[in-house]
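Chains, contacts and geometry: an overview
Spelled out, the chains give:
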Amino acid sequence: IELSPENEAGLVGSMRIVDLMSVIKEAIKDSLDEKIENLATKSDIADIKHEIGVVSNEVEALRFENKQLKEEVEKLKRDKEVDRKNLMWLEHQTCNKKLIFKGLPKENSPRNAIIKACKDILKIEASISSARKVFERNGKMSVAAEFESTSDVAKIFQNTKKLTGTAIQIERDLMPLKQEKKKIFLHLK
């Protein structure tokens, strides 16, 4: 419908054309307002870009931190392995100075029982760091002893042939892992 100054007073149904046009314009405006209200503005887009930049920087910082943490974990794993090997070496060195004497005659002190066996039977002098009773039965006892040096242990093992005819047995005090292996091996026999 064309609006000309002469036709403005025309009617469409019971409405004047001008009123109808204004109703249509209002409906179109409301419809567009509804659709446009959810569209992003330039400032919204700028805010979103800024937030993306911030998040991107945070992600990069987290990646860098993650890389550093992975490197630290790997270093800790290497250090742990070195410490484990050092501990095993120290245990081995300590166990090299430890012996178990089985079948010793009962004494008041485990230390005295070892000293007496070394002097009277093995005919050697040995410096004992510590001794503790492990087991006692029927007037006999087993004693775990740690000596001052591995040379004392070597002297004892060099003279074990002198134990022939006695109930005394001497063996190394093994680390727990080796004790388990020995136990399993003895069960297999």
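For the structure itself, consult the block above.
An account of the accompanying structure is given in this report. Computed from a predicted model, the values in this text were never measured in an experiment. (Residues numbered from 1 in each chain as written. Predicted model: local features only at pLDDT ≥ 70, side-chain atom pairs only at ≥ 80, totals over all residues. Heavy atoms only, no water.)

We now examine the overall build of the protein chain. Along the backbone of the protein chain there are five helices and six strands. Each helix (α) and strand (β) of the protein chain, taken in turn from the N terminus, gives the series β-β-α-α-β-α-β-β-α-β-α. Taken as a whole, the protein chain presents about 14,600 Å² of accessible surface, with 56% of it coming from carbon and sulfur. (Helix = DSSP H or I, 4+ residues; strand = E, 2+ residues; numbered from the N terminus. Areas by Shrake-Rupley, 256 points an atom, 1.4 Å probe, with all protein chains shown as cover.)

Next up on the list: helix 4 (residues 150-158). For helix 4, the full list of buried residues reads D152, V153 and I156. One face of helix 4 carries all of its buried residues, which in axial projection span an arc of 100°. The inward-facing, buried residues of helix 4 contact strand 3 (98-105), helix 3 (110-122), strand 5 (140-147) and strand 6 (169-172). (Buried < 20%, exposed > 50% of the residue type's maximum accessible area, 1.4 Å probe, protein only. Arc of directions from axis to C-beta. Contact = heavy atoms within 4.5 Å.)

Summarising the element assignment, S142 is placed in strand 5. Each residue touching S142, except ones within four places of it in the same chain, is listed here: F101, K102, G103, R132, K133, V134 and F135.

As a further point, take unusual backbone geometry. One non-glycine residue with positive phi stands out, namely K123, at about 60°. A relative accessible area of 57% means that K123 is categorised as exposed. One non-glycine residue, N138, lies in positive phi territory at about 50°. Counting through the fold element by element, N138 comes out in the loop between strand 4 (128-137) and strand 5.

Quick look at the sheet that holds strand 4 now. The strand order across the open sheet formed by four strands is 4-5-3-6, and the pairing between neighbours is antiparallel. Here the strands that pair on one side only, and so sit at the sheet edges, are strand 4 and strand 6. Ignoring which end each strand starts from, the neighbouring axes of this sheet average 20° apart. Here strand 4 pairs with strand 5 via eight bridges, running antiparallel. Paired with A131 across the bridge in strand 5 is A145. (Pairing = 2+ DSSP bridges. Axes fitted to C-alpha atoms, helices over the stretch in contact; angles between N-to-C directions.)

A side chain of one charge can pair with a side chain of the opposite charge if their charged atoms are brought near each other. Per the counting criterion, the structure on display carries nine salt bridges. Within this structure, K106, K133 and E136 form a network of salt bridges that share partners. (Salt bridge = Lys/Arg side-chain N within 4 Å of Asp/Glu carboxyl O.)

Time to look at the nonpolar core. Within the largest apolar cluster, 19 residues are counted, with the highest numbers of intra-cluster contacts made by F101, L104, I114, F147, I156 and I170. Counting residues per element, the ones that place at least two in this core are strand 3, helix 3, strand 5 and helix 4. Ranked by residues supplied to this core, first place goes to helix 3 with five residues. With near-sequence residues (within four places) excluded, F147 lies in contact with K97, L99, F101, I114, A126, S127, I128, S129, D152, V153 and I156. (Core = buried A, V, L, I, M, F, W, Y, C linked by side-chain atoms within 4.5 Å.)

Among the eight residues that make up strand 5, six are buried, leaving the element largely enclosed by the rest of the structure. When strand 3 meets strand 5, the two strands line up antiparallel, connected through six bridges. Of the residues in strand 5, the one forming a bridge with I100 is A144. Hairpin connection, strand 4 to strand 5: the antiparallel pair is bridged by two residues, and N138 has positive phi, about 50°.

This part takes up a nonpolar patch on the surface. Nonpolar side chains collect at one region of the surface, where M21, I24, I28, L32, I36 and L39 lie side by side and expose about 540 Å² of accessible area between them. Mapped onto the secondary structure, I28 falls in helix 1 (residues 17-36). (Patch = residues over 30% accessible without salt bridge, like charges linked within 9 Å, V, L, I, M, F, W, Y side chains within 5 Å.)

Glancing now at the environment of M141. Take M141: it is sitting in strand 5. For M141, a relative accessible area of 1% translates into the label buried. In the structure, M141 is positioned 39 residues away from K102 in sequence and 6.4 Å away in space, judged by C-alpha atoms.

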